[in-house]
Amino acid sequence: MTDEFCMKLALQESEAAKAIGEVPIGAVVVRKGEVIARAHNKRETDKNATAHAELLAIQKACEAVNGWRLTETTLYVTIEPCPMCAGAILQSRIDRVVIGAMDPKAGACGSLLNILQDERFNHQVEIITGVLEEECSEIMKQFFSKLRKKK
């Protein structure tokens, strides 16, 4: 499975989020070439501030491996994770994160700060950026443009 293929799966999840009125962010967890979890934002739906795509995907992945250590996994996410999600990525021991588009306003994987590669923590994560960046960025731009027009 290529990074582009897996990011397309994450984009499918972002479309699912958009379809229910959620901020269109999708996440996929892959382990040893197999998709073990998929999720999209559900904060509005679940009325839960922590229902980010990454956290939901991590929870499903933990269920899939029957444990909290997600070693040998890659998380694909359409938009750069926030500090909360970056913390969960560290805590779950994900090895690699592939990001579609960066988030200069809230990103914690290189934009505002880089939690995943801070050597003060006991785990660091490989970060790949810009995979299907245009597609990942465009779905967010369209969503927020439509939202602004409604208001």
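Residues numbered from 1 in each chain as written. Predicted model: local features only at pLDDT ≥ 70, side-chain atom pairs only at ≥ 80, totals over all residues. Heavy atoms only, no water.

(A) Here's a closer look at the overall build of the protein chain. Helix and strand content of the protein chain: 5 helices and 5 strands. Of the regular secondary structure in the protein chain, the N- to C-terminal order runs α-β-β-α-α-β-α-β-β-α. The C-alpha radius of gyration computed for the protein chain amounts to 14 Å, which stays within 12% of the reference 15 Å derived for 151 residues, consistent with globular compactness. Along the first, second and third principal axes, the C-alpha set of the protein chain runs to 45 × 30 × 30 Å. Counting over 151 residues, the protein chain shows a buried share of 49%. A total accessible area of about 8000 Å² is found for the protein chain, and carbon and sulfur atoms account for 49% of it. Each charge class in the protein chain was averaged separately, 20 positive and 21 negative side chains, and the resulting centres sit 7 Å apart. (Helix = DSSP H or I, 4+ residues; strand = E, 2+ residues; numbered from the N terminus. Rg over C-alpha atoms; globule rule 2.2 N^0.38 Å. Buried < 20%, exposed > 50% of the residue type's maximum accessible area, 1.4 Å probe, protein only. Areas by Shrake-Rupley, 256 points an atom, 1.4 Å probe, with all protein chains shown as cover. Lys, Arg positive; Asp, Glu negative; His and termini not counted. Charge placed at Lys NZ, Arg CZ, Asp CG, Glu CD.)

(B) Here's a closer look at the state of the cysteines. Applying the stated criterion across every chain yields a total of 0 disulfides. Cys 6 takes part in no disulfide bond, and the closest cysteine sulfur, belonging to Cys 136, lies 12 Å away. Residue Cys 109 stays outside any disulfide, its sulfur separated by 8.6 Å from that of Cys 82, the closest cysteine. (Disulfide = S-S within 2.5 Å.)

(C) Geometry of the sheet that holds strand S2 (residues 34–40). With mixed pairing, 5 strands are arranged side by side in an open sheet as S2-S1-S3-S4-S5. A single partner strand is all that each edge strand has here, and the edge strands are S2 and strand S5 (126–129). Direction aside, neighbouring strands of the sheet carry axes that sit 15° apart on average. Direction of pairing for strand S1 (residues 26–31) relative to S2: antiparallel, over a ladder of 6 bridges. Bridge pairing links Val 30 to Val 35 in S2. (Pairing = 2+ DSSP bridges. Axes fitted to C-alpha atoms, helices over the stretch in contact; angles between N-to-C directions.)

(D) Fine view of the packing of helix H3 (residues 53–65) against helix H4 (residues 83–91). Remark: H3 packs on H4, axes separated minimally by 9 Å, with the N-to-C direction vectors making an angle of 20°. Between H3 and H4, the angle is such that the two are roughly parallel. Seen from above, H3 lies across H4 with left-handed handedness. For the pair H3 and H4, contact is made by Glu 54, Leu 55 and Ile 58 and by Met 84, Cys 85, Ala 88 and Ile 89, respectively. Classifying every residue of the contact of H3 with H4 by side-chain character gives 6 nonpolar, no polar and 1 charged. (Parallel < 35°, antiparallel > 145°, perpendicular 65-115°, else oblique. Left-handed = near helix turned anticlockwise from the far one by under 90°. Contact = heavy atoms within 4.5 Å. Nonpolar A, V, L, I, M, F, W, Y, C, P; charged D, E, K, R; others polar.)

(E) Representation of unusual backbone geometry. Its identity as a non-glycine residue notwithstanding, Lys 47 has a phi of 50°, on the positive side. For Lys 47, a relative accessible area of 75% translates into the label exposed.

(F) Main features of the packing of aromatic side chains. Within the structure shown, the criterion is met by 1 aromatic pair. Measuring from ring centre to ring centre gives 5.1 Å for Phe 143 and Phe 144, while their planes differ by 85°; the resulting arrangement is edge-to-face. With relative accessibility at 12%, the residue Phe 143 sits in the buried group. Exposure remark for Phe 144: the relative accessible area of 29% places this residue in the partly exposed category. (Phe/Tyr/Trp six-rings, centres within 6.5 Å; stacked < 30°, edge-to-face > 60°.)

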